[in-house]
Each structure stands twice: as C-alpha cells, then as structure tokens.
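One letter stands for each residue in the lines below.
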Amino acid sequence: ALEPLSVGLAIGVASALTGYLSHPRFYCSYVECCPSAGYRLNATALKVQLGAKLFGQHLAKDVVLKAVMGFSNNPSPKKPLTLSLHGWAGTGKNFLSQILAEHVHPAGLRSKFVHLFLATLHFPHQDQIKLYKEQLQNWIRGNVTACPYSIFIFDEMDKMHPGLIDAIKPFLDYYEQVDGVSYRKAIFIFLSNAGGDLINKAALDFWTRGKRREEIQLKDLEPMLSVGVFNNKNSGLWHSSLIDRNLIDYFVPFLPLEHKHVKMCIRAEMIARGYAVDEEVVQAVADEMTFFPKEQKIYSDKGCKTVQAKLDIHED
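About the cut-offs
- Residues numbered from 1 in each chain as written.
- Predicted model: local features only at pLDDT ≥ 70, side-chain atom pairs only at ≥ 80, totals over all residues.
- Heavy atoms only, no water.
- Helix = DSSP H or I, 4+ residues; strand = E, 2+ residues; numbered from the N terminus.
- Contact = heavy atoms within 4.5 Å.
- UniProt positions renumbered as here; feature names shortened; annotations may be inferred.
- Buried < 20%, exposed > 50% of the residue type's maximum accessible area, 1.4 Å probe, protein only.
- Salt bridge = Lys/Arg side-chain N within 4 Å of Asp/Glu carboxyl O.

**Student:** Break down the side chain of Ser72 for me, with residues and values.
**Tutor:** Looking at the element boundaries, Ser72 is found in helix α4 (residues 58-72). In contact with Ser72, other than residues within four places in its own chain, are Tyr39, Arg40 and Leu41.

Below, the structure written as structure tokens:
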C-alpha cells in the first residue's frame, strides 16, 4: 500500500502538471488561441511590413495603418472596423489584407479566426440569395462568438449579388450586442475592383497637371469613390445600406502602379525565391508588362498580378 504522503505527493505533482499544461501561455504555444482581452497590435511592426512589402500605395498604407491602430488601441470601440479596398487587380488589395490578418492572427489566412469569402465560389447562384444570407449570418455569429477578434474578408465584391452583403448590416452597426453577441472587436474587409476606373482617372489627372502621386490625399478620392460604388450595379455595394448608414469606416483607394513600382514587385519576388536581383531580368520582365494610356504608357494595366508568371519564364 502507498504511504499517505506518497499519494498526496503524487496527486500534488499531477495537479501541478495538469495546471501547467492547461495554462494559456503553454497551451496557446501549440494550439492557436484567440487573442486575449485587451490585445493591442504592434504598430511599429505593421508599419515596417507595409513599408517594405506594399509598393506605390502611400494612401492605402497611411489610411489603413491609422484606422487599424486607432481601432486596436480603443478599449471600447462603438462598432467593428469596416474597410472597403478599391482599385484595379494587382495593386495590392489582397496583399494588404493578408499582412493585416497576419498581424492580428500570426497564421494569417490559414488562421481559424480569419475567414475569406469569394463571391464566385461561396455565393455563385442568384436564386439562392436568401439561403446565402442565412448562412452568412450564422457563420459570422458563430465565429465571433468563438473569437471576438475574428477577421472577415470579402473578395470579389464587384461580383457579389446586389443586396447580399446587406445581410451583415446588423453586425456592422452601432449595437452593443446583437442576440447576446458583441461584434465590436471584429474587422470586416471588402475587396473590389469597382471604382478602379475612377481612381485611375484621378491619378492620371494629377499626372497631367504635373503633380506627384504622393500629393493625392484621401479627401481627393474617398467621396467620389463612395458615391461611385453606391451607384454602380456591379459593385456588390449597389444601393447598399452599409453605405447609406455610413457603416463603412473608410473607402481605401489603391492607385495604379507605375513602371518603378512594377520593378519593385519583380525585385521582391526574386528575393522571395532566393535569387540574386539581376537588373537585366528585372527590366526584361517589366518590358513584357502592358501599360496605359496607350500613348503615355504610365500605369500597369494588371498591376503586379502577372509578375510571378512572367518571372517563371526567365528562370535558368
């Protein structure tokens, strides 16, 4: 028979071990956990990453950084942070949302707390909108209940059926709770090509007047962008209550990329592949890209979207 002291010691050790293994710091080093209450983003790290990896988008970097840090540092926000990113393909909308997701949840798009919706994949059928609305509400409700700091990214908004996105309006509004759940710590991001033409025209107008792109301010584009998207039947936000009720905090414009920005993308891709940067290859890849307007050839019509594919054919 075991001595009482031995039994007590064994129970004590087992209890201590169980307590250690179940401690959040130990447990969360092996299993992804939702950030704890009072979590704050690292502003310096986010700023450095945006500066190093997002090219030619001074407006987007500045607006998103200030919006996200203000939201993160607010102990009691009145609503979720809602951003709508607009611009042509290849300008960095997906890239920025990915960087932001990684700074909230280190696993980024692989995180169980980051949810990506693609309009053409998840909501393909016009006649199923009612079902999609119910599914979307249930999905968001369940995931925010599990983690208040959930991130929801809606890509291809310009292909989303009109009226569908209004299903999430209650979650974006100024409510303390909806059915017992608070959504105030969540982040919602919309990605869309809609409004890209308006942004490109404004950028070209600045260039024509001899002004630097860095002089373009949010106030030069945001009012025009919100109205244009609201009245665009192909925006996914056509006549949306999200705009009508001012529930989108920022309409973030992504400017068309110039030759120098495309070259920066090429160099970054070469470094990511472990190559030494060869300026002859950089120039060769850039020369294969197409630019607009037809006469001036200032802006890449696909941004940096085809850089990876074009660099592939220059590999030795």
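**Student:** Let's hear about the UniProt feature "binding site: ATP" (unreviewed entry) in the chain: which residues, and what values?
**Tutor:** Under the UniProt annotation, the feature "binding site: ATP" (unreviewed entry) is placed at Gly87, Trp88, Ala89, Gly90, Thr91, Gly92, Lys93 and Asn94. Note on placement: Ala89 falls in the loop between β1 (81-86) and α5 (93-104). For Ala89, a relative accessible area of 25% corresponds to the partly exposed category. The contacts of Ala89, once residues within four sequence positions are left out, are Asn193, Lys302, Gly303 and Lys305. Classification of Gly92 as buried rests on a relative accessible area of 15%.

**Student:** Residue-level account of the pattern of salt bridges, with values.
**Tutor:** Scanning the model with the defined rule gives twelve salt bridges in all. The shortest N-O distance in the salt bridge between Arg245 and Asp173 comes to 3.2 Å. Here Asp173 lies in the loop between α8 (169-172) and β4 (187-192) and Arg245 lies in the loop between α11 (241-244) and β5 (250-253), a separation of 72 residues in the sequence. The partly exposed category is assigned to Arg245, whose relative accessible area is 45%. A relative accessible area of 3% places Asp173 in the buried class. Taking the shortest distance from any N to any O, the salt bridge between Asp205 and Lys201 comes out at 3.2 Å. With Asp205 and Lys201 both in helix α9 (residues 196-208), this residue pair falls four residues apart, about one helical turn. Using a relative accessible area of 32% as the deciding quantity, one classes Asp205 as partly exposed.

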